[in-house]
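Here is what each chain is made of, one letter per residue.
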Amino acid sequence: MYLSPWIIGFGIFTLAPMIASLYWSFTKYQLPGDPKWIGTLNYEFMFTKDPNFWLAVRNTIWIIVVGLPFRIVFGVITALLLTRKRRGVNVYRTAYFLPTMAPVVAATLAFAYLLNPSYGPVNVVLEKLGVENPPQWFFSPQWSKPALVMLGLWGVGDAMIIFLAGFLDVPKHLYEAADLEGASGIAKFRHVSLPMVSPVVFFEVVTGIIFGFQYFAQAYVASFNTTADQSIGGPQNSLLFYSVHLYQQGFIYFKMGYASAMAWVLLIISLLCTIAILRGSRRWVHYQGGAFPR
Amino acid sequence: MTATRATPGVPSSVVARSAADVVPRRLPARTIRRRRVRTATAHALLIGFALLFMLPMVFVVLSSLMSNDQVLSAEFWPRPFQWDNYPSVWNTIPLWRYGWNTVQIAVLATVGIVVSSIPVAYALARMRWKGRQVVFVIVLSTLMLPYQVTVVPLYVWFSKIHWIPSFKPLIVPAFLGDAFSIFLLRQFFMSVPEDLADAARVDGASHWQIMTRIMVPLSKSAIAAIALFNFLYNWNDFFGPLLFAGDDPHLWTLALGLNEFRGQHHVEYNLIMAASVMFMIPVIVLFFLAQRVFIEGVTLTGSKE
């Protein structure tokens, strides 16, 4: 009875579409038409013939492998700075967190302006500092992804707040014990704070990877206007991420069968990543009392 | 700081001295100096990071007040302040309509999620039935499910029943629960002491009464947090409206309208920035009004339990 909203919702909006997309992934389904069974041809095409598939995978791995560590390190540093009770710490907390509240489209447009190659403030400053040929950011295939990483760091607040809560949760007596042993500040961070927040960092890593494969709106908005034909994917497809490629196939070209196959590959990648990290985490994640989170 | 230092048994030198000595304790000059340096460095870093976070905002606001020629120049300070940019955005795009569309979607979806997730979370936290663990694991795994797996069929089906373009695909599913909110509420309900419900049960209260009269009032902060999250999510969402309402400009939300506005005025950065500022203001106001709820809620999502 109490479950009925969830059962209906799960059945209609999760389970049924999952089954449908699994079936469609083995069909050629070009809208407006009907699905036609073609076996594993979609998957074969994806892995062997679609040049953009591997490009999208590489771009996505790039943004995860570069962006996520930056986010975590930056989040840990800022959280650490905000942990101690200092004068004005609440003001700083608000200032650091505020950019995270900016709607994705607005934040991305703001960065598109700030990083505009010819008149954006960032390059104006770089030129005044004597940097010759400053980066072309969203207009250059080499710099478009680093620009998105910077945008991600500006909105690091959500990770920061979670880390901050983790640091504030560390029992005081652990630090006192470390003081007694004459531990230095760095040693205390390495052997007390870090192990104690490792579960939270772990949570960020897992969600970071899963959401990394779903990275869409920033890339879409950032690349929307850098090319003459307003196509998405950015300069020389440098912002063609997995989700952007899938969106293009499904909702611009209406290749529903192929988009379904891509979605299932994505599901399997996400699953494998999660399992792999769960396995590996036992070595470095420290749970108080040794309990695995329920 | 001083209080913990003075606790018995901590530094041996303190214990050796008399109590009167301890209160205005003098630290070695080297320690004081080192501590001062460390405090100064920390404050310098705090200010440095604050600048990094706030400068983009400052530049956006400044450029939104420049003339179009000036925004394309290397100057940073508006000369003169062109306040007209804001009214001219209002005159160029139907901001009221975009805003109203966004509010409709965000409010209805939020109400739907809150109302439908509470009973599910209650059943998972407080009712004993066969398969409870299994259902909880399924809810958790749908959290990890990439939306791409379901969105292709949903798009096809919604378009078959002529729900595209409309807000229905964004609102109706909300009334059937949301895995993230269910999970968060369930965690919170678990932490409410069992004896309160037991006392009510002795008095003959039904599950429904316990849920509405005890659990919901006690979980106000958690419910406020999920309401806030879902409101913000829907307010900021780009993909959902793009997919389901993108074909009809009458149904555009602020996020879609802003992106499209950029497409048409891609050299008038002063107007684009003015529009962006107006899009950000409601969320920032909301953040200041509900800062406590918000930060508690974010913390809840990362809790280890």
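As the structure is a prediction and not an experimental result, all values here were calculated from the model. (Residues numbered from 1 in each chain as written. Chains lettered and ligands numbered in written order. Predicted model: local features only at pLDDT ≥ 70, side-chain atom pairs only at ≥ 80, totals over all residues.)

J.: I tried to follow the environment of A:Val73 on my own but got confused; where do I start?
T.: You can see A:Val73 is positioned in helix α3 (residues 51-83). A tally of 12 C-beta atoms within 10 Å means that A:Val73 is categorised as exposed. (Helix = DSSP H or I, 4+ residues; strand = E, 2+ residues; numbered from the N terminus. Buried ≥ 20, exposed ≤ 12 C-beta atoms within 10 Å, placed from the backbone.)

J.: Quick question: what am I supposed to make of the domain arrangement of chain B here?
T.: The parts lose accessible area when they come together, and the size of an interface is often stated as this lost area. All names here are of chain B. Partitioning chain B into structural domains gives domain 1 (17-87) and domain 2 (89-301). In this complex, domain 1 contributes 11 residues to the contact, which on the side of domain 2 involves 11 residues. Here the side of domain 1 that touches domain 2 takes four residues from helix α4 (residues 29-64), the largest share from any one element. Among the residues making up the side of domain 1 that touches domain 2, the classes are represented as six nonpolar, five polar and no charged. (Domains from an automatic or database assignment. Contact = placed C-beta atoms within 7 Å. Nonpolar A, V, L, I, M, F, W, Y, C, P; charged D, E, K, R; others polar.)

J.: How do you make sense of unusual backbone geometry when you look at a structure like this?
T.: In terms of backbone geometry, most residues other than glycine have negative phi values and most peptide bonds are trans. Of note, the bond from B:Arg79 into B:Pro80 is cis; its omega dihedral lies within 30 degrees of zero at -10°. Unlike most non-glycine residues, A:Trp137 shows phi in positive territory, near 45°. Tracing the sequence through the fold places A:Trp137 in the loop between α6 (121-128) and α7 (144-154). Looking at A:Trp137, the number of C-beta atoms within 10 Å reads 25, which means it is buried.

J.: Explanation requested: the environment of A:Glu44 in the structure shown.
T.: You can see A:Glu44 is positioned in helix α2 (residues 41-49). Residues A:Glu44 and A:Pro134 lie 90 residues apart in sequence; the distance between their C-alpha atoms is 42 Å.

J.: Can you walk me through helix α10 (residues 185-212) of chain A in this structure?
T.: Because each turn of an α-helix spans 3.6 residues, side chains separated by three or four positions in sequence point in the same direction. With 28 residues, α10(A) should reach 40 Å at 1.5 Å per residue; the first-to-last C-alpha distance of 34 Å falls well below that figure. Those residues of α10(A) hidden inside the fold are in contact with α3, α8 (157-169) and α13 (256-284) of chain A together with α8 (132-144) of chain B. (Expected span 1.5 Å × (residues − 1).)

J.: What's the story with the packing of helix α5 (residues 104-114) of chain A against helix α17 (residues 269-289) of chain B in this structure? I'm lost.
T.: Two quantities define a packed helix pair, namely the angle between the axes and the distance from one axis to the other. Taken N-terminus to C-terminus, the directions of α5(A) and α17(B) make an angle of 150°; their axes are 9 Å apart at the nearest point. Regarding the angle of α5(A) to α17(B), the classification is roughly antiparallel. Note that α5(A) runs across α17(B); the crossing there is left-handed. Every residue of α17(B) that contacts α5(A) at A:Ala106, A:Leu109, A:Ala110 and A:Tyr113 is listed here: B:Tyr269, B:Ile272, B:Met273, B:Ser276, B:Phe279 and B:Met280. Per-class residue counts for the contact of α5(A) with α17(B) are nine nonpolar, one polar and no charged. (Axes fitted to C-alpha atoms, helices over the stretch in contact; angles between N-to-C directions. Parallel < 35°, antiparallel > 145°, perpendicular 65-115°, else oblique. Left-handed = near helix turned anticlockwise from the far one by under 90°.)

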